[in-house]
Amino acid sequence: MKTRSFTIVIYKEDDMYIAECPEVGTVDQGETIEQAISGLQEATKLYLQEFSY
């Protein structure tokens, strides 16, 4: 399996943490930083599986 590294940008908006991956364009949110990162990792993984050739 190929390992890739991406940037994660995290910021707080009201009472939620937003995590985004600027290279891919995926975004997720969570009540904690850990939840936001976990959701972003899953969203990014699914996106790359769907759109990789």
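Scroll up a little and you will see the structure.
Throughout what follows, the structure given in this document is the object of discussion. (Residues numbered from 1 in each chain as written. Predicted model: local features only at pLDDT ≥ 70, side-chain atom pairs only at ≥ 80, totals over all residues. Heavy atoms only, no water.)

Describing a negative patch on the surface
The condition that has to hold: Nonpolar side chains (Val, Leu, Ile, Met, Phe, Trp, Tyr) within 5 Å and like charges within 9 Å form the patches, drawn only from residues with over 30% relative accessible area and no salt bridge. Using a 1.4 Å probe, accessible areas were evaluated by the Shrake-Rupley method; residue-level cover was limited to the displayed protein chains. What makes a salt bridge here is a side-chain nitrogen of Lys or Arg within 4 Å of a carboxyl oxygen of Asp or Glu, nothing more. Positive residues here are Lys and Arg, negative ones are Asp and Glu, while His and the chain termini are left out of the count. Where a charge sits is defined by one atom per residue type, namely NZ (Lys), CZ (Arg), CG (Asp) or CD (Glu). Under the scheme used here, helices are H or I runs from DSSP no shorter than 4 residues and strands are E runs no shorter than 2 residues, and both carry numbers assigned from the N terminus.
A cluster of acidic side chains, namely Glu 13, Asp 14, Asp 15 and Glu 31, defines a negative patch on the protein surface. One can find Asp 14 in the loop between β1 (9–13) and β2 (16–21).

Observations regarding the packing of aromatic side chains
What counts, and what does not: Between 30 and 60 degrees the pair is tilted, below 30 it is stacked and above 60 it is edge-to-face, where a pair is any two Phe, Tyr or Trp rings, Trp via its six-membered ring, whose centres lie within 6.5 Å. Throughout this description, buried means an accessible area under 20% of the type-specific maximum (1.4 Å probe, protein chains only), exposed means over 50%, and partly exposed covers the range between.
Across all of its chains, the model carries 1 aromatic pair by this definition. Their ring planes at 45° and their centres at 4.8 Å tell us that Tyr 47 and Phe 51 sit as a pair that is tilted. Within this pair, Tyr 47 and its partner Phe 51 are both found in helix α1 (residues 33–51), separated by 4 residues, close to a single helical turn. With relative accessibility at 35%, the residue Tyr 47 sits in the partly exposed group.

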